[in-house]
Amino acid sequence: MSKNDGVFRMRSLGTASTGIVDQYADGKAAKLWQLYIGDQKNRTEKYKNFLISLLKRKNVTTVLDAACGTGVDSVMLVEEGFKVTSSDASDKMLKDAYKTRWARRKEPHFDDWVIEEANWLTLTRDVPVPNGGYDALIIMGNSFAHLPDSHGDQRDQRVCIENFAKLVKPGGIFVIDHRNYDYILEHGHAPKNNIYYNSSHIKDIKTSILYINQQPNLITLDYYMNVEDPEENTDDTHFRLSYYPHTVREFSSLLRSAFGPKSKHTVYADFKAMAEEPSPSFYIHVIEKAL
Ligand code: SAH
């Protein structure tokens, strides 16, 4: 068990009233992230075709990855020749992205890769905006559920999604995913299969659900990792992340109200048609913003 078990180490990213926190500030998740996601190519292989063919079909050039973390999806997009801007609120996570950009700076497109520290609440001010907006904006890896519902009325969620909608150009694409919280809330644990994270280093993931006024308010996942190589000097093999759950229905309606009824909204289950995968690990929402 970790010596920090039970202790949330968070750094405030905003005013106390917004309650925005960087759960990655102690660097524990960042340190174990590569182990957690496993081989980067293996991870992205599972949805690379889906994402790249969607972006190419829509003639996308500029992409904003607004929750880039250590840069796993951004690197895939840079390798594919897209003009990528990556942002994240956590400097600890971004550190790995900066290192990769530096290490691969002589490879095509890597020296054009823009990386910025940016919070979704102020995203329109924090990242450079191409004329008319980005051709595509992606937020993947269950990132959005990190945002606390500080006021209990999803005000902050709305502000962020409206910021995303502003940053996508008319006719552009928005891709955002989340874990299958409908399943987690019903069963008390996540589905066994996981489209994103199949690393052999994951020993166990424990789920706890905090209810406030009979409503599920916070889902905490404790990740226990198998670190065999003492050379890695990893003194801790546990990290904890908390999520503010949303059902597919709730989240779909938030998206539709920000992007407007003329935008096309499609939900995929583990990157397949909904009917093909009744208990997916992730839902992926794709919005084609109206012209
Ligand atoms: N997409 C990456 C990272 C997922 S981890 C991957 O799949 O590997 C979730 C990321 O969301 C973290 O790096 C965290 O710092 C970021 N994040 C959480 N809240 C944020 C906010 N309000 N603004 C910007 N980024 C945020």
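Structure report, in brief. Along each chain, residue indices are assigned from 1 in the same order as the chain's sequence is written. It should be noted that, the model being predicted, local features are given only for residues of pLDDT at least 70 and side-chain atom pairs only at 80 or more, the latter also being counted only at that level, while totals for whole chains, interfaces and linings use all residues. Side-chain numbers come from the whole structure's heavy atoms, not from hydrogens or water.

## Brief notes about the overall build of the protein chain
(1) Moving on: What counts as a helix is a DSSP run of H or I of at least four residues, what counts as a strand is a run of E of at least two, and both are numbered from the N terminus. Check the secondary structure of the protein chain and you find eight helices and 13 strands.
(2) Moving on: Within the protein chain, the proportion of its 291 residues that are buried is 51%.
(3) Moving on: Pairs of residues are marked as contacts when any of their non-hydrogen atoms sit within 4.5 Å. A sequence separation of at least 24 residues applies to 67% of the contacts in the protein chain between residues at least 6 apart.
(4) Moving on: Put simply, the protein chain shows about 13700 Å² of open surface, and 49% of that area lies on carbon and sulfur atoms. Burial status follows relative accessibility: with a 1.4 Å probe on protein chains alone, a residue under 20% of its type maximum counts as buried, one over 50% as exposed, and anything between as partly exposed. We get accessible surface area from the Shrake-Rupley algorithm with a probe of 1.4 Å; when it comes to residues, only the shown protein chains can shield them.

## Some remarks on the sheet that holds strand β13 (residues 282-288)
(1) Moving on: Between any two strands, pairing holds if DSSP finds at least two bridges. Pairing is mixed across the open sheet formed by eight strands, whose spatial order is β5-β4-β3-β6-β7-β13-β11-β12. In this open sheet, the two strands that pair with only one neighbour each are β5 (114-117) and β12 (272-273).
(2) Moving on: Two strands pair when backbone bridges link them, and strand β4 (residues 83-88) and β5 are joined in this way by four bridges, in the parallel orientation. Opposite D88, over in β5, you have E117 as the bridge partner.
(3) Moving on: Across the sheet, helix α4 (residues 91-103) touches β4 and β5, and the angle it forms with β5 is around 165 degrees. In this description, a line fitted to the C-alpha atoms serves as the axis of each element, helices being fitted only across the stretch in contact, and the angle between N-to-C directions of two axes falls anywhere from 0 to 180 degrees.

## Digging into the nonpolar core
(1) Moving on: Definition used in this section: a nonpolar core is a set of buried Ala, Val, Leu, Ile, Met, Phe, Trp, Tyr and Cys residues joined via side-chain atoms within 4.5 Å. The biggest cluster of nonpolar side chains holds 51 residues, and the ones touching the most others in it are W33, L77, V175 and F239.
(2) Moving on: Ignoring anything within four residues of it in the chain, the contact list for F239 reads K28, A29, L32, W33, Y36, L221, D222, Y223 and M225.

## A look at the environment of K83
(1) Moving on: Counting through the fold element by element, K83 comes out in strand β4.
(2) Moving on: Residue K83 is classed as partly exposed on the basis of its relative accessible area of 49%.
(3) Moving on: If sequence neighbours within four positions are ignored, K83 has contacts with T61, T62 and V63.

## Details of the environment of A136
(1) Moving on: Structurally, the position occupied by A136 is in strand β6 (residues 134-139).
(2) Moving on: Judged by its relative accessible area of 0%, A136 falls in the buried class.
(3) Moving on: Sequence-wise, A136 and V168 are 32 residues apart; in three dimensions their C-alpha atoms are separated by 6.1 Å.
(4) Moving on: Residues within four places of A136 in sequence aside, it is in contact with L55, V60, T62, V63, L64 and I173.

## As for the sheet that holds strand β8 (residues 202-212)
(1) Moving on: Within the open sheet, the three strands sit side by side as β8-β9-β10. Their pairing is antiparallel. Strands at the two margins of the open sheet, each flanked by one partner only, are β8 and β10 (238-243). Across this sheet, the average inter-strand angle for adjacent strands is 20 degrees, counted without regard to direction.
(2) Moving on: As defined by bridge partners, strand β9 (residues 215-225) adjoins β10 across six bridges and the pair is classed as antiparallel. Bridge pairing in β10 links Y224 to H238.

## Regarding the pattern of salt bridges
(1) Moving on: Between Lys or Arg on one side and Asp or Glu on the other, a salt bridge is scored when a side-chain nitrogen of the former is within 4 Å of a carboxyl oxygen of the latter. Counted according to the given criterion, the structure contains eleven salt bridges.
(2) Moving on: The closest approach of N and O atoms between K56 and E80, which form a salt bridge, is 3.6 Å. Of the two residues, K56 sits in helix α2 (residues 40-57) while E80 sits in the loop between α3 (72-79) and β4, which places them 24 residues apart along the sequence.
(3) Moving on: With a relative accessible area of 46%, K56 lands in the partly exposed category.
(4) Moving on: By relative accessible area, which is 28% here, E80 ends up partly exposed.
(5) Moving on: Here E79 makes a salt bridge to R104, at a shortest N to O gap of 2.8 Å. With E79 in helix α3 and R104 in the loop between α4 and β5, this pair connects stretches of sequence that are 25 residues apart.
(6) Moving on: For E79, a relative accessible area of 33% gives the class partly exposed.
(7) Moving on: Through salt bridges with shared partners, a single ionic network connects K48, K56 and E80.

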